[in-house]
Amino acid sequence: MRRVAIIGTGQTVFKTKRVDVNCSELIFEAARAALDQAGIEKEDLDAVVFASAPEAFEGVHAPDCWCADAAAAIGKPSLRIHTGGATGGSGALAGFTHVASGLFDVVLVAAVQRVGESPDAQKILNTIWDPIYEKDFALNIINACAQMAVRYMNKYGMTEEQMALVSVKNHLNAFNNPYAHLKLELSVEDVLKSRVLCWPIKLFDACPRSDGACAVVLASESKAEKLSANPAWVLGVGASTDTYGIGDRMVDDEFDLADIGAFVRAVREAYKKAGIRNPRREISVAEIYAPFSNLEIASYEGLGFCEKGQGGKLIEEGVTRMDGDLPVNPSGGVQASNPIGATGLVRVAEAALQIMGRAEGRQVDGAKTAIATAAGGAAQFYTAMILGKEKP
């Protein structure tokens, strides 16, 4: 397997609705920015991976067809990836595999979502549930993640105040991110008093729905060293899938609904490939896919940053703040911007910017290793990618 690095990233500004562009124009913005940062043109690409979640968001069937030219895919092999919210992370893994396998030298991964085209994102997301037994009950991801939060509270004692601290931190970080959708100055009390969506998740515990696109350029070792003075090397990747039924996750001997077992398995796979044995000491910064504040706390434990049941203390002690020992979501994370099918790739792009020293106002000093995660489907698809300054 060949060494692979990220040599360029591109993001659009994320908003509730981008009325100034169509889907094709939106992905062009991100793709053009990624190529510019990598110092290459579309002719230098060998292949393209196109990532987007449910087409209903764009209002166009098969947006990869419509956006092929804007994503620089004309005349090149192209592959579409769709794993719900994990789509961007899965796209990054597909692009990595394309290059690591030796099949291609330079690959563009481009992800887009036009959630603003839909008047109600939840009505579209509800269609992932069983059409006979579940759809009419209006089950959705918020309900599922609320069940995970309640189970976590029951098992480990997480509090609503600890959840609120996550939201306060992430929205404060978003002020340093020029691409962020939401930039809110919040107090713990503001979060606790916000409207309940599905207890214990409240409005300010939740992510927005965003229009936007993201792109990254991955290159083989020889190309990366030629094109970039400071690439972000891929040290390890992992992916895992959980059951469709939420209740079926209560039978594992090691994990149950509170512990996000598939997430942990994906992370462990990435750590093993990267040779990471002590994540708390060896990871400099993390970009976690956590659309709700309870999931960030649970992810601290799944990432090995603390023991099970100690994630709440980690946020209370300020460990994961920008001035803490292990900053998490310097960009503001998913709670600040959520272009669903592109959100996972944004995590990868932000992690790469940290390693390349290009994160500007949200840069973590001395960042040497970064982990980016993604989650999607019925909270069932998970990916992880570890990036570093040194070649693996």
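Residues numbered from 1 in each chain as written. Predicted model: local features only at pLDDT ≥ 70, side-chain atom pairs only at ≥ 80, totals over all residues. Heavy atoms only, no water.

Draft legend 1. The packing of helix 5 (residues 141-156) against helix 11 (residues 293-302), seen in detail. Packing of helix 5 against helix 11 brings their axes to within 10 Å, and their N-to-C directions diverge by 55°. Considering the angle they form, helix 5 stands oblique to helix 11. Remark: the crossing between helix 5 and helix 11 carries left-handed chirality. Side by side, helix 5 and helix 11 meet where Cys145, Met148, Ala149, Tyr152 and Tyr156 of the first sit next to Asn294, Leu295, Ile297, Ala298 and Glu301 of the second. Its residues placed into classes, the contact of helix 5 with helix 11 shows eight nonpolar, one polar and one charged. (Axes fitted to C-alpha atoms, helices over the stretch in contact; angles between N-to-C directions. Helix = DSSP H or I, 4+ residues; strand = E, 2+ residues; numbered from the N terminus. Parallel < 35°, antiparallel > 145°, perpendicular 65-115°, else oblique. Left-handed = near helix turned anticlockwise from the far one by under 90°. Contact = heavy atoms within 4.5 Å. Nonpolar A, V, L, I, M, F, W, Y, C, P; charged D, E, K, R; others polar.)

Draft legend 2. Spotlight on the sheet that holds strand 2 (residues 47-51). Taken together, the nine strands give an open sheet; going across it, the order is 3-2-4-7-1-8-11-10-9, and neighbouring strands pair in mixed fashion. Single-partner strands in this sheet number two, and they are strand 3 (78-81) and strand 9 (285-287). Each strand of the sheet is rotated relative to its neighbour by a mean of 25°, with strand direction disregarded. As paired strands, strand 4 (residues 106-114) and strand 7 (residues 211-220) are joined by nine bridges and run antiparallel to one another. Within strand 7, the residue paired with Val109 across the bridge is Val216. (Pairing = 2+ DSSP bridges.)

Draft legend 3. A look at the layout of surface pockets. Looking at the largest pocket, its volume works out to about 910 Å³. Around the largest pocket, the lining is made up of 47 residues, and of these Leu125, Ile141, Cys207, Phe292 and Asn338 lie nearest the centre. Sorting the residues of the lining of the largest pocket by element identifies helix 4 (121-125), helix 5, helix 11, strand 10 (369-376) and strand 11 (381-388) as the ones contributing at least two each. A total of five residues in the lining of the largest pocket trace back to one element, the largest contributor, which is helix 5. When grouped by side-chain class, the residues that make up the lining of the largest pocket number 31 nonpolar, 13 polar and three charged. When its volume is computed, the second largest pocket comes out at roughly 230 Å³. Forming the walls of the second largest pocket are 17 residues, and the residues nearest its centre are Val264, Arg268, Glu301, Gly302 and Gly304. Residue assignment for the lining of the second largest pocket shows that the elements contributing at least two residues are helix 9 (261-274) and helix 11. If you tally residues by element for the lining of the second largest pocket, the top one is helix 9, at four residues. Of the residues contributing to the lining of the second largest pocket, the split by class is nine nonpolar, two polar and six charged. (1 Å grid on protein atoms, 1.4 Å probe; cavity = no way out; pocket = protein on both sides within 12 Å on 5 of 7 lines; lining within 4 Å. Points joined across faces, edges and corners; volume = space filled by probe spheres on them.)

Draft legend 4. Quick peek at the side chain of Glu301. If you trace the backbone, Glu301 turns up in helix 11. The charged side chain of Glu301 is buried without a salt bridge, its nearest counter-charge being Lys308 at 7.2 Å. With residues near it in sequence (within four places) discarded, Glu301 still touches Tyr152, Tyr156, Cys306, Glu307, Lys308, Gly309, Gln310 and Gly311. (Buried < 20%, exposed > 50% of the residue type's maximum accessible area, 1.4 Å probe, protein only. Lys, Arg positive; Asp, Glu negative; His and termini not counted. Salt bridge = Lys/Arg side-chain N within 4 Å of Asp/Glu carboxyl O.)

Draft legend 5. Examining the nonpolar core more closely. By size, the foremost hydrophobic cluster in this structure holds 87 residues, and its most contacted members are Leu108, Val217, Tyr271 and Phe305. With nine residues, the single largest contributor to this core is helix 5. Apart from the residues lying within four places of it in its own chain, the contact partners of Val217 are Ala5, Ile6, Ile7, Gly8, Ala34, Leu35, Ala38, Ile40, Val106, Val107 and Leu108. Counting residues in hydrophobic clusters, the runner-up holds 39 residues, among them Ala51, Leu218, Val237 and Ala352. (Core = buried A, V, L, I, M, F, W, Y, C linked by side-chain atoms within 4.5 Å.)

Draft legend 6. A look at the packing of aromatic side chains. The tally for this structure, following the rule as stated, stands at two aromatic pairs. For the pair Phe263 and Tyr382, a centre-to-centre distance of 6.0 Å together with 70° between the ring planes defines the contact as edge-to-face. Separated by 119 residues along the polypeptide, Phe263 in helix 9 and Tyr382 in strand 11 bring together distant segments of the chain. Residue Tyr382 is classed as buried on the basis of its relative accessible area of 7%. (Phe/Tyr/Trp six-rings, centres within 6.5 Å; stacked < 30°, edge-to-face > 60°.)

Draft legend 7. Region of the structure containing the state of the cysteines. According to the stated counting rule, one finds zero disulfides in the structure shown. Summary of cysteine pairing: Cys207 is not part of a disulfide, and the nearest cysteine sulfur, belonging to Cys145, is at 8.8 Å. Residue class for Cys207 comes out partly exposed when judged on its relative accessible area of 22%. Free of any disulfide, Cys214 has its nearest cysteine sulfur in Cys23, 14 Å distant. (Disulfide = S-S within 2.5 Å.)

Draft legend 8. Layout of the side chain of Asp242. Tracing the chain through its elements places Asp242 in the loop between strand 8 (232-241) and helix 9. Residue Asp242 is classed as buried on the basis of its relative accessible area, which comes to 18%. The contacts of Asp242, once residues within four sequence positions are left out, are Arg249, Gly261, Ala262 and Gln380.

Draft legend 9. Looking closely at the pairing of strand 11. Along strand 11, seven of the eight residues are buried, which leaves the element largely enclosed by surrounding structure. In terms of strand pairing, strand 8 meets strand 11 through eight bridges, oriented antiparallel. Within strand 11, the position partnered with Trp233 by the bridge is Gly388. Pairing analysis gives eight bridges linking strand 10 to strand 11, with the strands arranged antiparallel. When the bridges of strand 11 are listed, Thr373 appears paired with Ala384. Hairpin remark: strand 10 followed by strand 11, antiparallel, with four residues in the connecting loop; positive phi at Gly377, about 70°.

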